[in-house]
Amino acid sequence: MKAFPYEQYETLAEPLTVYYPTGQEEFARRVFQSVEKAGKLLTQLLGQSMPEMEILVVAPQDWDSAPGEEQEETGAVLSLPYWTSVTQPPSLVVPQELDSIIGEPAQEKLAFLLYHELAHAFVEADPRPWPGESPLWADEWQLQFAAFWLFRQIHGGYGIIMTDLHEQYEEIFEPEPDGKTPVTVRGFDWYEDTSAEDYLIYTLLLERFADDILANFDVEVLPRFLNLYRKDRAILLSDEVTKMLGTALGPDGEEWLESLVYF
């Protein structure tokens, strides 16, 4: 895999180093401002300082050479923002053009995706230990929830952000005879043959989950959950994580979770 052509990129005069393709200064500045605003909010919510990072805005022709774990393994990934620690300092990598898998391109979608990856950066920078093994949803819900909350705080409004995708995949929220949706927050897992569309559907479930939590509880659910979750354990089972989240939600929290057809 060829090295990323940093020398061909310009940089913004900002507290964070922001690399961007020639002619994309306005776009790069919007990305920086989004990250800066969201970082301040996460610092307040989680009691952590802003993680050290650089921002790399990548032109379409350079996407395959952008630094990252998945690129090193496969040579290409979907053109969506991601967080990587293969650089020093770590990088928030942002495509100049979003992948078509997310539907109609929009600044709001880009912001939402940026907030998700910034939450990833904060969670990784948390010095507390991780469970050695835990279900996928235990970590995934945290990032989508934080991103959803950040979007509301910064952009205002209520309701789902990825509206066109929720309309396109509306059948995923229709319960089957057993009372649960075909895919659930707790039932999804990642396998070698899991497709990008399968994972996209899962993120839509998590977005609905974040919306429902914020409609019924407060954002402090997240730091309360992390206080319970970030402990040194060899294995943490899904039922145990459910109890933790129920406790973080408050009285009857676990019963509320179980009432969600997609959970």
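Residues numbered from 1 in each chain as written. Predicted model: local features only at pLDDT ≥ 70, side-chain atom pairs only at ≥ 80, totals over all residues. Heavy atoms only, no water.

**Some words on the overall build of the protein**
Scanning the protein from N- to C-terminus turns up 9 helices and 5 strands. For a compact globule of 263 residues, the expected C-alpha radius of gyration is about 18 Å, and the protein comes in at 19 Å, within 12% of that figure. Oriented by its inertia axes, the alpha-carbon framework of the protein measures out at about 55 × 40 × 40 Å. The burial tally for the protein puts 51% of its 263 residues in the buried class. By sequence separation, contacts in the protein at least 24 residues apart represent 67% of the contacts at least 6 residues apart. Between the centroid of the 16 positive side chains of the protein and the centroid of its 48 negative side chains there is a distance of 8 Å. (Helix = DSSP H or I, 4+ residues; strand = E, 2+ residues; numbered from the N terminus. Rg over C-alpha atoms; globule rule 2.2 N^0.38 Å. Buried < 20%, exposed > 50% of the residue type's maximum accessible area, 1.4 Å probe, protein only. Contact = heavy atoms within 4.5 Å. Lys, Arg positive; Asp, Glu negative; His and termini not counted. Charge placed at Lys NZ, Arg CZ, Asp CG, Glu CD.)

**As for the pattern of salt bridges**
As a working rule, side chains carrying opposite charge can pair if their charged atoms are close by. On inspection of all chains with the given rule, the structure shows 10 salt bridges. In this structure, the salt-bridge partner of Arg152 is Asp211, at a minimum N-O distance of 2.5 Å. Taken together, the residues span a long stretch of sequence, with Arg152 in helix H4 (residues 136–155) and Asp211 in helix H6 (residues 196–216) at a distance of 59 residues. Pair check on accessibility: Arg152 and Asp211 agree, each one buried. Lys243 serves as the salt-bridge partner of Glu254, at 3.7 Å between the closest nitrogen and oxygen. In this pair, Glu254 is assigned in helix H9 (residues 253–259) and Lys243 in helix H8 (residues 238–249), connecting sequence segments 11 residues apart. Under the relative-accessibility criterion, Lys243 is labelled partly exposed at 49%. (Salt bridge = Lys/Arg side-chain N within 4 Å of Asp/Glu carboxyl O.)

**Some details on the confidence of the model for the protein**
Looking at the protein as a whole, the pLDDT averages 94, with 97% of positions reaching at least 70. Contacts for the low-pLDDT stretch residues 72–76, under 50 throughout, to residues beyond four places or in other chains number 6 contacts. (pLDDT = per-residue confidence, 0-100.)

**Let's talk about the packing of helix H3 (residues 107–125) against H4**
Direction vectors running N to C along H3 and H4 enclose 125°, while the axes themselves pass 8 Å from each other. One element, H3, and the other, H4, form an angle in the oblique class. H3 and H4 meet at a crossing whose hand is right-handed. Between H3 and H4, the contacting residues are Glu108, Ala111, Phe112, Tyr115, His116, Ala119, His120 and Val123 on the first element and Gln142, Leu143, Gln144, Ala146, Ala147, Phe148, Leu150, Phe151, Ile154 and His155 on the second. Residue composition of the contact of H3 with H4, by class: 12 nonpolar, 5 polar and 1 charged. (Axes fitted to C-alpha atoms, helices over the stretch in contact; angles between N-to-C directions. Parallel < 35°, antiparallel > 145°, perpendicular 65-115°, else oblique. Left-handed = near helix turned anticlockwise from the far one by under 90°. Nonpolar A, V, L, I, M, F, W, Y, C, P; charged D, E, K, R; others polar.)

**Examining the sheet that holds strand E3 (residues 54–58)**
Within a sheet, adjacent strands bond to each other through the backbone by hydrogen bonds, running parallel or antiparallel. Read across the sheet, 5 strands follow the order E1-E2-E3-E5-E4 without closing on themselves; strand pairing throughout is mixed. Of all strands in the sheet, those bounded by a partner on one side alone are strand E1 (10–11) and strand E4 (82–84). Pairing of strand E2 (residues 18–20) with E3, which is carried by 2 bridges, proceeds in the parallel orientation. Looking at the pairing, Val18 lines up with Ile55 of E3. Those strands touched by helix H1 (residues 25–46) are E2, E3 and strand E5 (91–95), and its axis lies near 140° from that of E3. (Pairing = 2+ DSSP bridges.)

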